[in-house]
Amino acid sequence: MQLRPIEERDWPAIMAIQEQCYHAIEPEPLHVMQSKWQVAPQTCLVVCLDSCVMGYCLAHPWLQGHPPALNQVLTEAMPQPDTLYLHDMALSQAIRGQGGAQQMLNQLKLLAQAQQLNSMSLIAIQGAASYWQAAGFIKTTTSKCLGSYCDDPHYMVMPL
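Thresholds applied
Residues numbered from 1 in each chain as written. Predicted model: local features only at pLDDT ≥ 70, side-chain atom pairs only at ≥ 80, totals over all residues. Heavy atoms only, no water. Pairing = 2+ DSSP bridges. Helix = DSSP H or I, 4+ residues; strand = E, 2+ residues; numbered from the N terminus. Contact = heavy atoms within 4.5 Å. Axes fitted to C-alpha atoms, helices over the stretch in contact; angles between N-to-C directions. Disulfide = S-S within 2.5 Å. Buried < 20%, exposed > 50% of the residue type's maximum accessible area, 1.4 Å probe, protein only. Salt bridge = Lys/Arg side-chain N within 4 Å of Asp/Glu carboxyl O.

J.: So what exactly am I meant to see when it comes to the sheet that holds strand β6 (residues 138-139) here?
T.: To summarise the sheet geometry, strands pair through backbone hydrogen bonds and adopt either a parallel or an antiparallel arrangement. A sheet is described by the order of its strands in space; here seven strands give the open sequence β1-β2-β3-β4-β5-β7-β6, paired in mixed fashion. Of all strands in the sheet, those with a lone pairing partner are β1 (2-5) and β6, marking the two edges. Examined bridge by bridge, strand β2 (residues 44-49) and strand β3 (residues 52-62) share six bridges and lie antiparallel to one another. Across the sheet, the residue bridging to Val 46 is Tyr 56, located in β3. Each of β1, β2, β3, β4 (83-91), β5 (119-124) and β7 (154-159) is contacted by helix α3 (residues 100-114), which is oriented at about 165° to β4, the strand it contacts most.

Following this line, the structure appears as structure tokens:
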């Protein structure tokens, strides 16, 4: 599997993977997804197998404890961020369990550290909190309403 930054030509595959993976929420529209990439292209990645996009992650510098709402369009980079917010990571069923997610997570850690961010954060949905806990994220409280996500969302942080 190869990991690389997202390119314009990847978006049809990314949107198809998003549609395949999310059942508890309405998939985000293309312009919302692309807004994350446009403000932080260096931390938005795809994992490919034989030149075919099989997974993606959208991450961007943000403020810990203040996650963006689902469907929030980003228009500019966050001034003075302290966390790399992992907005979305999804893999095609065809490659789950083959290390693609760990490969993306390892790269995101390196990118966050290079930007001198002291944590990574995310909102776990669809029962994924145990997966993210095993990866090193800790359930953390936030005063931000997570109602735009789904039933039982969990704000989680991984100190770096």
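J.: Just to check I follow, could you spell out the state of the cysteines for this structure?
T.: Two cysteines joined by a covalent bond between their sulfur atoms form a disulfide. Using the criterion set out here, one finds zero disulfides in the structure. Residue Cys 21 stays outside any disulfide, its sulfur separated by 13 Å from that of Cys 57, the closest cysteine. Judged by its relative accessible area of 12%, Cys 21 is buried. Free of any disulfide, Cys 44 has its nearest neighbouring cysteine sulfur in Cys 57, separated by 6.9 Å.

J.: What am I meant to see in the side chain of Gln 18 here?
T.: One can find Gln 18 in helix α1 (residues 11-21). When near neighbours in sequence (up to four residues on either side) are disregarded, Gln 18 contacts Pro 27, Glu 28, Met 33 and Tyr 56.

J.: How should the pattern of salt bridges be read in this particular structure?
T.: If the charged atoms of two oppositely charged side chains come close together, the side chains can form a pair. Within this structure, the stated rule accounts for three salt bridges. Among the salt bridges present, the one from Asp 10 reaches Arg 4, with a minimum N-O distance of 2.7 Å. A residue is classified by how much of its surface remains accessible, and Asp 10, at 2% relative accessible area, is buried. Residue Arg 4 is classed as buried on the basis of its relative accessible area of 18%. One salt bridge in this structure joins Glu 7 and Arg 9, with 2.5 Å as the shortest N-O distance. One network of salt bridges, in which partners are shared, links Arg 4, Glu 7, Arg 9 and Asp 10.

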